[in-house]
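So the chains spell out like this:
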Amino acid sequence: MAPPRDFYDVLGVSRTAGQDEIQKAYRKLARTYHPDVNKDPGAEERFKEVSEAYDVLSDPETRKKYDAFGEDFRRVPDDIDPEMYARARAGAGAASGGFRGPGRGGVRYSTGGVGGGGPDIDFESIFGDMFGGRGGSRGWGGPIPGADVEAEIELGVEEAYTGGRRSITITGPDGPRTLEVNIPAGVTDGQRIRLSGQGGRGSAGAGAGDLYLVVRLQPHPRFRVDGRDIYVDLKVAPWEAALGTSVPVDVPGGEAKVKVPPGSSSGRKLRLRGRGMPSPRGKPGDVFVVIRIMVPPSLTDEERRLFEQLAAASTFDPRGGPR
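Per chain, residue numbering runs from 1 following the sequence as it is written. pLDDT decides what is reported in this predicted model: residues at 70 or higher carry local features, side-chain atom pairs at 80 or more are listed and counted, and totals for whole chains, interfaces and linings draw on all residues regardless. For the side-chain quantities, the full set of heavy atoms in the structure was used; hydrogens and water were omitted.

Caption draft 1: Just the environment of serine 246, in detail. Counting through the fold element by element, serine 246 comes out in strand S9 (residues 245-251). Placed 15 residues apart in sequence, serine 246 and proline 261 show a C-alpha to C-alpha distance of 8.6 Å. We call two residues contacting when some pair of their heavy atoms lies within 4.5 Å. In this view, serine 246 contacts Lys257, Val258 and Lys259; residues no more than four positions away in its chain are not counted. What counts as a helix is a DSSP run of H or I of at least four residues, what counts as a strand is a run of E of at least two, and both are numbered from the N terminus.

Caption draft 2: How the structure looks around the nonpolar core. By size, the foremost hydrophobic cluster in this structure holds 37 residues, and its most contacted members are Leu155, Ile168, Leu211, Leu213, Leu234, Val249 and Val289. What we call a nonpolar core is a set of buried Ala, Val, Leu, Ile, Met, Phe, Trp, Tyr and Cys residues that are connected through their side-chain atoms within 4.5 Å. Whether a residue is buried, partly exposed or exposed follows from its accessible area with a 1.4 Å probe, protein chains only, as a fraction of its type maximum: under 20%, in between, or over 50%, in that order. Val13, Ala17, Leu29 and Val56 belong to the second-largest nonpolar core, a separate cluster that totals 21 residues.

Caption draft 3: Structural detail: the pairing of strand S7 (residues 223-226). DSSP-based pairing: two strands are paired if at least 2 bridges between them are found. Of the pairings in the sheet, the one linking S7 to strand S8 (residues 229-236) comprises four bridges and is antiparallel in character. Among the inter-strand pairings, aspartate 226 is bridged to a residue of S8, identified as aspartate 229. Counted between consecutive antiparallel strands, the loop separating S7 from S8 contains two residues, among which glycine 227 sits at a positive phi close to 65 degrees.

Caption draft 4: Quick peek at the pattern of salt bridges. Salt bridges are counted wherever a side-chain nitrogen of Lys or Arg sits within 4 Å of a carboxyl oxygen of Asp or Glu. Evaluated as defined, the whole model comprises 16 salt bridges. Glutamate 49 is the salt-bridge partner of arginine 5, the closest N and O atoms lying 3.5 Å from each other. Here glutamate 49 lies in helix H3 (residues 43-57) and arginine 5 lies in the segment before helix H1 (7-11), a separation of 44 residues in the sequence. Classification of arginine 5 by relative accessible area gives partly exposed; the value is 40%. Residue classification places glutamate 49 among the partly exposed residues on the basis of a relative accessible area of 23%. In this structure, a network of salt bridges that share partners links the residues Arg5, Arg46 and Glu49.

Caption draft 5: Quick peek at the environment of aspartate 59. On the secondary structure map, aspartate 59 appears in the loop between H3 and helix H4 (60-69). Along the sequence, aspartate 59 and glutamine 19 sit 40 residues apart, while their C-alpha atoms lie 9.0 Å from each other. Within the local environment of aspartate 59, its side chain forms a polar contact with the backbone nitrogen of glutamate 61, the two atoms lying 3.0 Å apart. Definition of a polar contact: a pair of N or O atoms within 3.5 Å, with one able to donate and the other able to accept a hydrogen when the atoms are protein atoms, and with sequence-neighbouring residues admitted only if both atoms are side-chain atoms.

Caption draft 6: Just a nonpolar patch on the surface, in detail. A residue counts toward a patch only above 30% relative accessible area and without a salt bridge, and it is joined to like-charged neighbours within 9 Å or, for Val, Leu, Ile, Met, Phe, Trp and Tyr, to nonpolar neighbours within 5 Å. Note on areas: these come from Shrake-Rupley sampling with a 1.4 Å probe, and a residue is covered only by the protein chains present in the view. A cluster of nonpolar side chains, contributed by Trp239, Leu243, Leu299, Phe307 and Leu310, occupies part of the molecular surface with about 500 Å² of accessible area. Among the secondary structure elements, those contributing two or more residues to the nonpolar patch are helix H8 (238-243) and helix H9 (301-313). Mapping leucine 299 onto the fold places it in the loop between strand S12 (287-293) and H9.

Caption draft 7: Local environment of the sheet that holds strand S2 (residues 149-155). Strand order in the open sheet formed by three strands is S2-S6-S5, and the pairing between neighbours is mixed. Taken across any chain shown, the strands that pair with only one partner, and hence form the sheet edges, are S2 and strand S5 (192-195). Averaged over all adjacent pairs, the angle separating strand axes in this sheet is 30 degrees, with direction ignored. Pairing of S5 with strand S6 (residues 211-217), which is carried by four bridges, proceeds in the antiparallel orientation. Residue pairing in the sheet places leucine 195 in a bridge with leucine 211 of S6. Axes here mean lines fitted to C-alpha atoms, for a helix over just the part in contact, with angles spanning 0 to 180 degrees between N-to-C directions.

Caption draft 8: Region of interest: the environment of glutamate 159. Following the sequence through the fold, glutamate 159 ends up in helix H7 (residues 157-162). Each C-alpha atom of the pair glutamate 159 and leucine 217 lies 9.4 Å from the other, and the pair is 58 residues apart in sequence. Filtering out sequence-adjacent residues up to four positions away, glutamate 159 remains in contact with Arg166 and Ile183.

Caption draft 9: Molecular detail of H3. Take the residue count of a helix, subtract one, and multiply by 1.5 Å to get its expected span. The first and last C-alpha atoms of H3 sit 21 Å apart over 15 residues, in line with the 21 Å expected at 1.5 Å per residue. Those residues of H3 lying buried are Ala43, Arg46, Phe47, Val50, Ser51, Ala53, Tyr54, Val56 and Leu57. Against the buried residues of H3 lie H1, helix H2 (19-33) and H4.

Caption draft 10: View of the pairing of S12. When you tally the buried positions in S12, you get five out of seven residues, the bulk of the element. In this sheet, S12 lies alongside S8 in parallel orientation, the contact comprising seven bridges. Bridge pairing in S12 places aspartate 233 opposite valine 290. Two strands pair when backbone bridges link them, and strand S11 (residues 269-272) and S12 are joined in this way by four bridges, in the antiparallel orientation. Of the residues in S12, the one forming a bridge with arginine 271 is phenylalanine 288.

Caption draft 11: Region of the structure containing the packing of H2 against H3. Close contact between H2 and H3 brings their axes to 9 Å; oriented N to C, the two are set at 165 degrees. The angle between H2 and H3 places the two elements in the roughly antiparallel class. Seen from above, H2 lies across H3 with left-handed handedness. Residue-level contacts link Gln19, Ile22, Gln23, Tyr26, Leu29, Ala30 and Tyr33 of H2 to Ala43, Glu44, Arg46, Phe47, Val50, Ser51, Tyr54 and Leu57 of H3. Residues are sorted three ways: Asp, Glu, Lys and Arg are charged, Ala, Val, Leu, Ile, Met, Phe, Trp, Tyr, Cys and Pro are nonpolar, and all the rest, Gly among them, are polar. By residue class, the composition of the contact of H2 with H3 is ten nonpolar, three polar and two charged. The cut-offs work like this: below 35 degrees is roughly parallel, past 145 is roughly antiparallel, 65 to 115 is roughly perpendicular, and the gaps in between are oblique. Crossings are assigned a handedness: left-handed for a near helix turned anticlockwise from the far helix by less than a right angle, right-handed for a clockwise turn.

So this is what it looks like as structure tokens:
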């Protein structure tokens, strides 16, 4: 696997760039690579890479830590001196054959609700090999901070939209523990939720690493989520599509009233601005209501007569315009 790219290189800015320059670069790249605009197969991954770089560099404290520790910035507790960590890391790498990345070993995730339920997150195989369990601090130049660990957590669309509390159970060397996780409103697929101090154990009194829960949105029978935008199908009758109508539609956060313009065809998208996934740092996403024209599976005699009358009177040809 290729090493992660430098976040400054991802955004195309210098390491001394100001916040305005970083934001400007992000907006330009986001417009270029957003999957709704760019259908290239690699655009979505590029968009995620750009978004991750912006999330890190747009936060002054996170950027400061990234500048000090590079790609290891998520593993390092806040009170660790950069020079000391670099020396300890070099010693640890020599003694153990290299660091193990987060999320390896026997990691499982919990999808249980409050009070547990669902499979545990099993960190025992990780903790046994991390800094605190392999050689302690002998010959490593002092205390070694615990490593960060990643696991996945599955959320429904409504739960991701509203946020709330979730209980998960993890099993480590000291037995099972139940942790309360605060799910921020508007989390998106791939976003990380940090649980400070719940990762790998440190050695010789050093602090523990963090646990990062990577959000995975579960498929929904009605809603399709793309970034912060939500798509929902709206079934309408042929006469509603032709004449126009006002129809209620269920969206995350409550019911919305949608005006279907006259002459709407299947596939037409109606935008509800700001009704998509909330965003703590900017504008929320939108809801796109997609028109789906439904034809009666069977007709009464009167309905058949009216449709035949319409067919005889209409000049519309759906395959070639007016006839």
